[in-house]
Amino acid sequence: MDKMTIGVDELATEMGISRPKAYELANSDGFPIIRVGRRIRIPVSAFQHWLEFQASERAQLAVKGG
């Protein structure tokens, strides 16, 4: 079975960003996380959807000149 969730350290590695930046992202509004006790877990499918949405939003803004 593939992983259903990843941790913040894996998020940082997968995105090629620093660990503090990954925590900042994970704690931002609209970012898909679940908390298990004090641990932050990111559902892989929700993260992929979020990432695609962010990319399409940026592309739409670029087309509109914003």
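Residues numbered from 1 in each chain as written. Predicted model: local features only at pLDDT ≥ 70, side-chain atom pairs only at ≥ 80, totals over all residues. Heavy atoms only, no water.

S.K.: A description of the sheet that holds strand 3 (residues 39–43) should follow, citing residues and the corresponding values.
M.R.: Spatially, the 3 strands line up as an open sheet ordered 1-3-2, and their pairing is antiparallel. Either end of the sheet is taken by a strand with one partner, and the two such strands are strand 1 (5–6) and strand 2 (34–36). Running over the sheet, helix 1 (residues 8–15) touches strand 1 and strand 3 and is turned about 45 degrees from strand 3. (Pairing = 2+ DSSP bridges. Helix = DSSP H or I, 4+ residues; strand = E, 2+ residues; numbered from the N terminus. Contact = heavy atoms within 4.5 Å. Axes fitted to C-alpha atoms, helices over the stretch in contact; angles between N-to-C directions.)

S.K.: Explain the packing of aromatic side chains to me, and be specific about the residues and the numbers.
M.R.: A complete count under the given rule lists 3 aromatic pairs for this structure. Pairing Phe47 with Trp50 gives two aromatic rings, centres 6.3 Å apart and planes at 20 degrees, and the pair type is stacked. You can see Phe47 and its partner Trp50 sitting in helix 3 (residues 44–64), 3 residues apart, about one turn around the helix. Note on accessibility: Phe47 and Trp50 belong to one class, buried. (Phe/Tyr/Trp six-rings, centres within 6.5 Å; stacked < 30°, edge-to-face > 60°. Buried < 20%, exposed > 50% of the residue type's maximum accessible area, 1.4 Å probe, protein only.)

S.K.: Tell me about the environment of Ala12, and name the residues and values.
M.R.: Position of Ala12 among the secondary structure elements: in helix 1. Counting along the chain gives 10 residues from Ala12 to Ala22, while the straight-line C-alpha distance between them is 5.3 Å. Ignoring anything within four residues of it in the chain, the contact list for Ala12 reads Ile17, Ser18, Arg19 and Ala22.

S.K.: Describe in detail the nonpolar core, supporting the description with residues and values.
M.R.: Grouped together as the largest cluster of nonpolar side chains are 12 residues: Ile6, Val8, Leu11, Ala12, Ala22, Leu25, Ala26, Phe31, Ile40, Ile42, Phe47 and Trp50. The set of elements that each furnish at least two residues to this core consists of helix 1, helix 2 (19–26), strand 3 and helix 3. (Core = buried A, V, L, I, M, F, W, Y, C linked by side-chain atoms within 4.5 Å.)

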